[in-house]
Amino acid sequence: MKTWGKWFTLGLPAVIMAIMLIISATPIGEGETWDNIFLVFLVTLLPLLFMAQGILSILTKTNILLSIFVSLVMFAILMYIQLDIGALTYALINVIAAFIGYYIMKLFKKLA
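Report follows, based on the coordinates. (Residues numbered from 1 in each chain as written. Predicted model: local features only at pLDDT ≥ 70, side-chain atom pairs only at ≥ 80, totals over all residues. Heavy atoms only, no water.)

It is worth spelling out helix 3 (residues 64–81) at this point. Between its first and last C-alpha, helix 3 extends 26 Å over 18 residues, near the 26 Å set by a 1.5 Å rise per residue. Here helix 3 has its buried residues at Ile64, Ser67, Ile68, Ser71, Met74, Phe75, Leu78 and Met79. For helix 3, the angular spread of the buried residues around the axis is 145°, confining them to a single face. Residues Leu65, Phe69, Tyr80 and Ile81 are exposed on helix 3 and point more than 90 degrees away from its buried face. (Helix = DSSP H or I, 4+ residues; strand = E, 2+ residues; numbered from the N terminus. Expected span 1.5 Å × (residues − 1). Buried < 20%, exposed > 50% of the residue type's maximum accessible area, 1.4 Å probe, protein only. Arc of directions from axis to C-beta.)

Glancing now at helix 4 (residues 88–111). Three or four residues apart is the spacing at which side chains of an α-helix point the same way, because the helix has 3.6 residues per turn. For helix 4, which comprises 24 residues, the first-to-last C-alpha distance of 35 Å matches the rise-based estimate of 34 Å (1.5 Å per residue) to within 8%. Residues of helix 4 that are buried include every one of Ala91, Asn94, Val95, Ala97, Ala98, Gly101, Tyr102 and Met105, and no others.

This brings us to the packing of helix 3 against helix 4. Interaxial distance between helix 3 and helix 4 falls to 11 Å at its minimum, and their mutual angle equals 155°. Classified by the interaxial angle, the pair formed by helix 3 and helix 4 is roughly antiparallel. Crossing hand, helix 3 versus helix 4: right-handed. On the side of helix 3, the interface is formed by Ile64, Leu65, Ile68, Leu72, Phe75 and Met79, while helix 4 contributes Leu88, Tyr90, Ala91, Asn94, Val95, Ala98, Phe99 and Tyr102. Residue composition of the contact of helix 3 with helix 4, by class: 13 nonpolar, one polar and no charged. (Axes fitted to C-alpha atoms, helices over the stretch in contact; angles between N-to-C directions. Parallel < 35°, antiparallel > 145°, perpendicular 65-115°, else oblique. Left-handed = near helix turned anticlockwise from the far one by under 90°. Contact = heavy atoms within 4.5 Å. Nonpolar A, V, L, I, M, F, W, Y, C, P; charged D, E, K, R; others polar.)

For Tyr102, the location among the structural elements is in helix 4. Taking C-alpha positions, Tyr102 is 7.9 Å from Gln53, a pair spaced 49 residues apart along the chain. In contact with Tyr102, other than residues within four places in its own chain, are Gly54, Ile55, Ser57, Ile58 and Ile64.

Of all hydrophobic cores here, the largest spans 25 residues; its most connected members are Met17, Phe41, Leu46, Phe50, Phe75 and Leu78. Those elements that provide at least two residues to this core are helix 1 (2–25), helix 2 (35–60), helix 3 and helix 4. Beyond its immediate chain neighbours, meaning those up to four positions away, Met17 contacts Phe41, Leu46, Phe50, Ser71, Met74, Phe75 and Leu78. (Core = buried A, V, L, I, M, F, W, Y, C linked by side-chain atoms within 4.5 Å.)

This brings us to a nonpolar patch on the surface. A grouping of Leu92, Ile96, Ile100, Ile104, Leu107, Phe108 and Leu111 is seen on the molecular surface, where their side chains present a nonpolar patch of about 700 Å² in accessible area. As for its position among the elements, Phe108 is in helix 4. (Patch = residues over 30% accessible without salt bridge, like charges linked within 9 Å, V, L, I, M, F, W, Y side chains within 5 Å. Areas by Shrake-Rupley, 256 points an atom, 1.4 Å probe, with all protein chains shown as cover. Salt bridge = Lys/Arg side-chain N within 4 Å of Asp/Glu carboxyl O.)

As enumerated under the stated definition, the model contains two aromatic pairs in all. With 6.3 Å between their ring centres and 20° between their planes, Phe99 and Tyr103 make a pair best called stacked. Taken together, the residues span about one helical turn, with Phe99 and Tyr103 both in helix 4 at a distance of four residues. Of the residues examined, Phe99 reaches a relative accessible area of 26% and is grouped as partly exposed. Centroid distance Tyr102 to Tyr103: 5.1 Å. Interplanar angle 85°. Geometry classified as edge-to-face. By relative accessible area, Tyr102 is classed as buried at 15%. A connected cluster of aromatic rings, assembled from ring pairs, spans Phe99, Tyr102 and Tyr103. (Phe/Tyr/Trp six-rings, centres within 6.5 Å; stacked < 30°, edge-to-face > 60°.)

Pasting the structure below:
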């Protein structure tokens, strides 16, 4: 069970990013795509996923740097396919969110 938890922690944001990339590229009508939903995902949900990954890294005792690296590789692929170089700011925000989640959970475990 612990092994599955570690794999889940490593792949959570990466798998969801891949799903959102596929959904955003799918046409919904004549010339329409899911671009607005993708932007909401990028700005709000992705930092929350990285924060959840930081929290899960503490709970499953997974290396936080490895978790973030796996997610950033998928983010680089996403950035290459869907976004431009300006999305590097979002990568920095996501890494900060992951470390915030990591250290908040570390503080909670220390206090408990």
